[in-house]
Number of protein chains: 2
Amino acid sequence: MNAPDEAPYRPLLTNAARPSTFSVTAVDEAGVERTTPVAGEHPLTLFVDKQEVLTLMTLGAAPEALAIGYLRNQRLLASVDDIVSVQVDWDVNAVVVRTRSGLSDLEAKTQKRTRTTGCGQGTVFGDLMEDIDNVRLPAGATLTRATLYALLDRVRVHETIYKQAGAVHGCALATNAPAGAAGAAEILMFVEDVGRHNAVDAIAGRMWLDRVDGADKIFYTTGRLTSEMVIKAAQMGIPFLVSRSGLTQMGYEIAQKVGLTMIGRATHRHFLLFTGGQRFRGDE
Amino acid sequence: MNAPDEAPYRPLLTNAARPSTFSVTAVDEAGVERTTPVAGEHPLTLFVDKQEVLTLMTLGAAPEALAIGYLRNQRLLASVDDIVSVQVDWDVNAVVVRTRSGLSDLEAKTQKRTRTTGCGQGTVFGDLMEDIDNVRLPAGATLTRATLYALLDRVRVHETIYKQAGAVHGCALATNAPAGAAGAAEILMFVEDVGRHNAVDAIAGRMWLDRVDGADKIFYTTGRLTSEMVIKAAQMGIPFLVSRSGLTQMGYEIAQKVGLTMIGRATHRHFLLFTGGQRFRGDE
């Protein structure tokens, strides 16, 4: 699509982030009035080539990446090159995506619906599980204890909306590096949203836009490691999934099946290594 | 449907709760192997009159009530009397609902899709907001500080799966009583699930089954007070919504609009009274 010396193709995008927090007045247990920040939540209806797909409830911090990542993670588009433009208009709470050649199989894919734990509306669970069988995560990638700890330190600094207002989940994409090498645990992307599923979709969208590969990355989430979170990390080709929270049985089983290295309950210097331990270097 | 002295009608139900936790082995930061309980997560495909509606990912603690509450909260059925039977078969991960006269308007209602914060797949957001205008919450109901504190003490005891395994949200329906009267803050129902939206749907289903009215009740959730949570509490006719967590801007706006009394960040003896303060009796 581009000559070798050109910048990679990028769809035409608005840049329509909304303010993330708003102030409301509450009364505390002592009867004192307090002005307290709360997280934004806005309906955003996704239209693709003039067809309405669904309405997402979102913080609105990264609406263009969210729309792209939704289409990617729902397997409705195969490549960011298929997208002509993504235009958000908050006056009508709409994001309008134009594609080169339409969505693949929208009707079939949304006919069977799955409400996943974190909500994967429109996803055919069976299809996702079949796709998972085709995922190959890099066997040679390793994660050191030092990189894990550096990442945990850095994400603590980044959770700004959560710290202010609560009621959001954060996801981060960070660099990894071979043992001893510099440049690991740098946060490339950090997205918060009122729904976990939106935060991970927005990361997936930005990875497409910025042509970022998952193989040498670490995915961090404040949310729980449910089946949906594990499937999405695997689909993005990321071998390391780290969470502050716990996991579900199905999250565990899928991570084992696909050979993902999954670390939960990770805060400060504590963690539990659940699956894929062969990639973890606890001594380094 | 029944003579006055008969028990109220109840659909034919299975009673197919799944075990809530499973054990997995993990390695902690000290390299020590630990057997740790994790929450179950299972796909459960809902069929109504032989038509597939969607697949829910659930803990499986109350699958029959979940299916009924989903149909209630999505406004696909008008009354529990319309349900002939609800049969769960985990061998095929299915719940089969038979109705007297079919679902109202399934195609129209699921054609427009909303992925809410906690996931309200299949809900038409605009329709819900219109329905909300018809909700009338009891103006004369009051909640005393003593009842609120008693409720917070009792829900702490109930969160058993969360305490064991994390990764679940809990919802409770509790009694209320006029100031000074006995019998308040008794927990009538307590449901945990891997998704907040499932826990609240299961409560709604049990309220239908047990013919429980919301007007003299309190709804408690461990989860965030998003638009979806506020809409569902209001639809169930419950004037008091209490959460351990924070809220979103839209949750706040809808609670104000509908006149719901909403209390967030409620733990031990702390809370923030956000909306509907005229129903709260802080001195009693």
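Residues numbered from 1 in each chain as written. Chains lettered and ligands numbered in written order. Predicted model: local features only at pLDDT ≥ 70, side-chain atom pairs only at ≥ 80, totals over all residues.

*Asks:* It is not clear to me how the environment of B:Glu6 should be interpreted in this structure. Could you clarify?
*Replies:* Residue and element names in this part refer to chain B. Relative to the elements of secondary structure, Glu6 occurs in the segment before strand E1 (12-13). Judged by C-beta crowding, with 8 C-beta atoms within 10 Å, Glu6 ranks as exposed. Expressed as a C-alpha distance, the spacing of Glu6 and Arg224, which sit 218 residues apart in the sequence, is 40 Å. (Helix = DSSP H or I, 4+ residues; strand = E, 2+ residues; numbered from the N terminus. Buried ≥ 20, exposed ≤ 12 C-beta atoms within 10 Å, placed from the backbone.)

*Asks:* Help me out: how do you make sense of the confidence of the model for chain A in this one?
*Replies:* Should the pLDDT be low somewhere, the predicted coordinates at that spot are not to be read in detail. Residue and element names in this part refer to chain A. When pLDDT is averaged along chain A, the result is 88, and 88% of the positions lie at 70 or above. With pLDDT under 50 throughout, residues 116-124 is counted as low confidence; its partners more than four residues away or in other chains account for 47 contacts. In the predicted assembly, ipTM is 0.85 and pTM is 0.88. (pLDDT = per-residue confidence, 0-100. Contact = placed C-beta atoms within 7 Å.)

*Asks:* Looking at this structure, I do not really get the sheet that holds strand E3 (residues 33-39) of chain A. What am I missing?
*Replies:* The strands making up a sheet associate through hydrogen bonds between their backbones, and the pairing can be parallel or antiparallel. As summarised here, the arrangement of the eight strands in space is E3(A)-E2(A)-E15(B)-E14(B)-E13(B)-E12(B)-E10(B)-E11(B), forming an open sheet in which the pairing is mixed. Two strands close off the open sheet at either side, each with one partner strand: E3 of chain A together with strand E11 (187-193) of chain B. Across the sheet, the mean angle separating the axes of adjacent strands is 25 degrees when strand polarity is ignored. Across three bridges, the pairing between strand E13 (residues 240-243) of chain B and strand E14 (residues 261-267) of chain B is parallel. (Pairing = 2+ DSSP bridges. Axes fitted to C-alpha atoms, helices over the stretch in contact; angles between N-to-C directions.)

*Asks:* What is the right way to look at the interface of chain B and chain A in this model?
*Replies:* Interface size is commonly expressed as the accessible area that is lost once the parts come together. In this assembly, 53 residues from chain B lie in contact with 53 residues from chain A. Elements represented by at least two residues in the side of chain B that touches chain A include exactly strand E2 (21-28), strand E3 (33-39), strand E5 (51-58), strand E8 (114-115), helix H8 (249-258) and strand E15 (270-275) of chain B. Strand direction decides the pairing type here: strand E15 (residues 270-275) of chain A and E2(B), joined by two bridges, are antiparallel. Residue pairing for E2(B): A:Leu272 is matched across the bridge by B:Asp28.

*Asks:* Got a minute to help me understand the relation of the copies chain B and chain A in this structure?
*Replies:* Mapping chain B onto chain A is achieved by rotating through 180 degrees and translating by 0.0 Å along the same axis, at an RMSD of 0.0 Å. Look at the turn and shift together and you get a two-fold axis relating the two. In this assembly, 100% of the residues forming the interface of chain B have copies in chain A that are likewise at the interface, indicating an isologous arrangement. (Least-squares fit on C-alpha atoms with pLDDT ≥ 70 in both.)

*Asks:* What exactly am I supposed to notice about the packing of helix H1 (residues 63-73) of chain A against helix H6 (residues 196-209) of chain A here?
*Replies:* Residues and elements named next belong to chain A. It is at 6 Å that the axes of H1 and H6 come closest, and there the two elements cross at 90 degrees. Between H1 and H6, the interaxial angle falls into the category roughly perpendicular. Contacts between H1 and H6 pair Ala65, Leu66, Ala67, Ile68, Gly69, Tyr70, Arg72 and Asn73 from the former with Asn198, Asp201, Ala202, Ile203, Ala204, Gly205, Arg206, Trp208 and Leu209 from the latter. (Parallel < 35°, antiparallel > 145°, perpendicular 65-115°, else oblique.)

*Asks:* Sorry, what's going on with helix H1 (residues 63-73) of chain B here?
*Replies:* Because an α-helix completes one turn every 3.6 residues, residues spaced three or four positions apart along the sequence face the same direction. Residue and element names in this part refer to chain B. Judged by how many residues are buried, H1 sits mostly within the fold: 11 of 11 residues are covered. By the burial criterion, the buried members of H1 are Pro63, Glu64, Ala65, Leu66, Ala67, Ile68, Gly69, Tyr70, Leu71, Arg72 and Asn73. At the exit of H1 stands Arg75, carrying a positive phi of roughly 60 degrees.

*Asks:* What exactly am I supposed to notice about the domain arrangement of chain A here?
*Replies:* Partitioning chain A into structural domains gives domain 1 (12-132) and domain 2 (143-281). Of the residues forming the side of domain 1 of chain A that touches domain 2 of chain A, the biggest block, eight residues, is contributed by H1(A). (Domains from an automatic or database assignment.)

*Asks:* What is the right way to read unusual backbone geometry from this model?
*Replies:* Generally, phi is negative for residues other than glycine and the peptide bonds are trans, each holding for most cases. For A:Asp49, which is not a glycine, the phi torsion comes out positive at approximately 50 degrees. One can find A:Asp49 in the loop between strand E4 (42-48) and strand E5 (51-58). Judged by local crowding, A:Asp49 falls into the partly exposed class, with 15 C-beta atoms found within 10 Å. Phi at B:Asn93 takes a positive value of approximately 50 degrees, unusual for a residue other than glycine.

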